Amino acid sequence: MSSSQKAAVSTQNPENWLIDVIKHLNHSVLEQNQVVTRANSSLCVLCKGSRFLCGKTRCPIMVKVNTFLKSVPLMDSQDIAGSSPPSVFIGRIGYPQVYIGPLVPPIQEDTGIYDLPEQWFGKSIDEIVGFRSMLIRGKHMVNVNKLHQAGKILDKTRELALVDNSVDTELNLTKKPQGSITLSDDVQPFGPSAPIRDLRVGNARYNDKIEKAYYDTDLGSINAVVDLYNKGVMVSKIQKAFSVGAFGVEKRRRLVPTRWSITAVDDIISKSLVAKVKTFPEINEYQVYESIYLDNIFEILLIPAQWSYESIEAWYPGTAWNPNGTSTAIYSDWEDNNGRTTYAAIGGCYYSARLAVCERLQKERRQATAIVLREARPGYIMPIGVWQVRENVRNAMHQQPYKFKTLAQSLQFIATRFEIPLQRWILQSELLKRTLFQRRISDFFTPKQDT
């Protein structure tokens, strides 16, 4: 939408404007604005390099991106001595036989920031990729169902996952680290890798709250996650401990691949928040929260109604998951007041955004129907992890909202923020269609006062 078009939108009467938008809601909008939902090129938006929906064994987008990353350090030694943030990684390829191990940079200083995504908001992609690319991954294969056979490497890796601050670590590898930086829409980037010959961890101070949950072998994993979150432990630290099987009834503890643990913890925490939010009274006005970071534009619309939730993503051509497309790819997932029983097709960002929205609603002790709208524009050139969505939406929800009396006013405001026409968002959105068309249009307009 051009600046002149946005100006025109903002000056129109909201009620008349919305009626005009609805009149033009038809599938020609898709053709006129070249927005697609099922073209082959948009498979990447659903896959995001993790499901191999294209049939290839390696993500061609990530292979291409890696050729441009020249900042990955070339390690000329098999022995790495440095301060782990602390950080660990549990792989998923070959599950239940997976590679586990620490992430260690060849740096002797406080590296805590290297694995604290809660403190990354505002940093550039270059900064994040820069310090994450220094993390060398040690690999040791284990069976997630046979932890008692995993030996010292697992013990030391788990120890790192429970530590609160960066710790001196010696990582001895069987060969020089190889490979380029690993990028994913789910996990934070990290550098080259090699099999582990030996691993030594210096004196470490455990996070006392996580340590207590670790030694409570009768406490279920879900209860442990929720309890730690309620006690103020950072989500990223809970996810790390969850991945090394630190929680749950002793006989049921398992390693969880890092990708899965990130989404699982976001899901567990946000479900617990949703249960609380649904007991609160509804908000009494339309609210829009906004955040712009790394060329991602987030508009979060809260509607005065009982809890339901939807997340919609639009990826422009030239973005991380639509690099060669000629049209914008858009996908969404939603849940009503009863929640959902299947995994969201758009991936982990669905759950991380839900968590961030519910944090604000719990703080305000209110419930609402929440719709998260995201435009990923060409400046978002590479994926750096689902944390970006969580922290972007958190940033939005920390701001004072724009408040409106009617749905028409709130949608008119959102239309001025996006390049994609509002008709396209409405056509994609299950909850907006329900809100608009299951009641009369007049229900959304402020009644005129008698004079």
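Our structure is the block above this text.
Residues numbered from 1 in each chain as written. Predicted model: local features only at pLDDT ≥ 70, side-chain atom pairs only at ≥ 80, totals over all residues. Heavy atoms only, no water.

Trainee: Could you clarify how one ought to interpret the overall build of the chain in this entry?
Mentor: From N to C terminus, the chain includes 16 helices and 13 strands. Among the 451 residues that make up the chain, the fraction classed as buried is 57%. The contacts of the chain with a sequence gap of at least 6 include a subset with a gap of at least 24, amounting to 78%. Counting only carbon and sulfur atoms, one obtains 48% of the accessible surface of the chain, whose full area is about 19500 Å². (Helix = DSSP H or I, 4+ residues; strand = E, 2+ residues; numbered from the N terminus. Buried < 20%, exposed > 50% of the residue type's maximum accessible area, 1.4 Å probe, protein only. Contact = heavy atoms within 4.5 Å. Areas by Shrake-Rupley, 256 points an atom, 1.4 Å probe, with all protein chains shown as cover.)

Trainee: Just checking my understanding: could you explain the sheet that holds strand β6 (residues 167-173) for this structure?
Mentor: Remark on secondary structure: sheet strands pair via backbone hydrogen bonds, oriented parallel or antiparallel. With mixed pairing, the six strands of this open sheet are ordered in space as β2-β6-β7-β5-β4-β3. With partners counted over all chains shown, the strands left at the sheet margins are β2 (79-84) and β3 (88-90), one partner each. With strand direction ignored, the average angle separating the axes of adjacent strands in the sheet is 40 degrees. Note: β2 against β6, six bridges, orientation antiparallel. Within β6, the residue paired with Ser84 across the bridge is Val167. (Pairing = 2+ DSSP bridges. Axes fitted to C-alpha atoms, helices over the stretch in contact; angles between N-to-C directions.)

Trainee: What is the right way to look at the pattern of salt bridges in this model?
Mentor: A side chain with one charge can pair with a side chain of the opposite charge if their charged atoms come near. Scanning all chains against the criterion turns up 24 salt bridges. The shortest N-O distance in the salt bridge between Glu290 and Arg417 comes to 2.6 Å. With Glu290 in strand β8 (residues 286-293) and Arg417 in the loop between α14 (407-415) and α15 (422-428), this residue pair connects regions lying 127 residues apart in the sequence. Residue Arg417 is classed as partly exposed on the basis of its relative accessible area, which comes to 27%. Note that Glu430 is salt-bridged to Arg434, the shortest N-O span being 3.0 Å. Here Arg434 and Glu430 lie together in helix α16 (residues 430-437), a separation of four residues that amounts to about one turn. Take Glu430: its relative accessible area is 25%, and that puts it in the partly exposed class. For Arg434, a relative accessible area of 31% corresponds to the partly exposed category. Among the charged side chains, a salt-bridge network with shared partners connects Lys152, Glu170, Asp198 and Arg200. (Salt bridge = Lys/Arg side-chain N within 4 Å of Asp/Glu carboxyl O.)

Trainee: I keep staring at the nonpolar core and nothing clicks. Help me out?
Mentor: Where a protein is soluble and globular, its nonpolar side chains tend to be buried together. Of all hydrophobic cores here, the largest spans 99 residues; its most connected members are Phe247, Ile300, Leu302 and Val393. Ignoring anything within four residues of it in the chain, the contact list for Ile300 reads Gln287, Val288, Tyr289, Val357, Ile371, Val372, Val393, Ala396 and Met397. Within the second largest apolar cluster, 31 residues are counted, among which are Leu373, Leu411, Phe413 and Trp425. (Core = buried A, V, L, I, M, F, W, Y, C linked by side-chain atoms within 4.5 Å.)

Trainee: What is the right way to read the environment of Ile181 from this model?
Mentor: With respect to the helices, strands and loops of the structure, Ile181 is situated in the loop between β6 and β7 (193-201). Residues Ile181 and Val129, spaced 52 residues apart in sequence, show a C-alpha to C-alpha distance of 8.4 Å.

Trainee: I keep staring at the pairing of strand β5 (residues 136-143) and nothing clicks. Help me out?
Mentor: A regular strand places its side chains so that they alternate between the two faces of the sheet. Direction of pairing for strand β4 (residues 97-104) relative to β5: antiparallel, over a ladder of six bridges. Residue pairing for β5: Ile100 is matched across the bridge by His140. By the bridge criterion, three bridges tie β5 to β7 in an arrangement that is parallel. Across the sheet, Arg137 pairs through a bridge with Ser193, a residue of β7.

Trainee: Just to check I follow, could you spell out the packing of helix α12 (residues 349-364) against helix α13 (residues 387-398) for this structure?
Mentor: For any two helices packed against each other, one specifies the inter-axial angle together with the distance between the axes. Relative to each other, α12 and α13 sit at 20 degrees, their axes nearing to 8 Å. The angle between the axes of α12 and α13 places the two elements in the roughly parallel class. The interaxial crossing formed by α12 with α13 has right-handed handedness. Here α12 contributes Cys349, Ser352, Ala353, Leu355, Ala356, Val357, Glu359 and Arg360 to the contact with α13, which in turn contributes Val389, Arg390, Val393, Arg394, Met397 and His398. (Parallel < 35°, antiparallel > 145°, perpendicular 65-115°, else oblique. Left-handed = near helix turned anticlockwise from the far one by under 90°.)

Trainee: Looking at this model, I keep getting lost on the side chain of Ser311. Mind explaining?
Mentor: Position of Ser311 relative to the elements: it lies in strand β10 (residues 308-315). When neighbours within four sequence positions are excluded, Ser311 is seen to be in contact with Tyr331, Ser332, Asp333, Ile346, Tyr350 and Val372.

Trainee: Could you clarify how one ought to interpret the packing of aromatic side chains in this entry?
Mentor: Geometrically, a pair of aromatic rings is defined through the distance of the ring centres and the angle of the planes. One pass over the full model with this rule turns up 15 aromatic pairs. An angle of 45 degrees between the planes, with centres 5.9 Å apart, marks the rings of Trp315 and Tyr380 as tilted. Remark: Tyr380 occurs in the loop between β12 (369-376) and α13 and Trp315 occurs in strand β10; sequence separation between them is 65 residues. Like Tyr380, Trp315 is buried. Following the ring pairs from residue to residue traces out a cluster consisting of Trp307, Tyr309, Tyr343, Tyr350 and Tyr351. Over the aromatic face of Tyr99 sits the side chain of Lys139, whose NZ or CZ is 4.8 Å from the ring centroid. The side chain of Arg340 reaches across the aromatic face of Tyr350, ending 5.2 Å from its centre. (Phe/Tyr/Trp six-rings, centres within 6.5 Å; stacked < 30°, edge-to-face > 60°. Lys NZ or Arg CZ within 6 Å of the ring centre and 35° of its normal.)

Trainee: Mind showing me how you'd approach the packing of helix α9 (residues 221-230) against helix α11 (residues 258-277) here?
Mentor: Interaxial distance between α9 and α11 falls to 10 Å at its minimum, and their mutual angle equals 70 degrees. Judged on the interaxial angle alone, α11 and α9 are roughly perpendicular. Listed contacts from α11 to Ile222, Val225, Val226, Tyr229 and Asn230 of α9 are Val265, Ile268, Ile269, Ser272, Leu273 and Lys276. Residue classes in the contact of α9 with α11 are distributed as eight nonpolar, two polar and one charged. (Nonpolar A, V, L, I, M, F, W, Y, C, P; charged D, E, K, R; others polar.)

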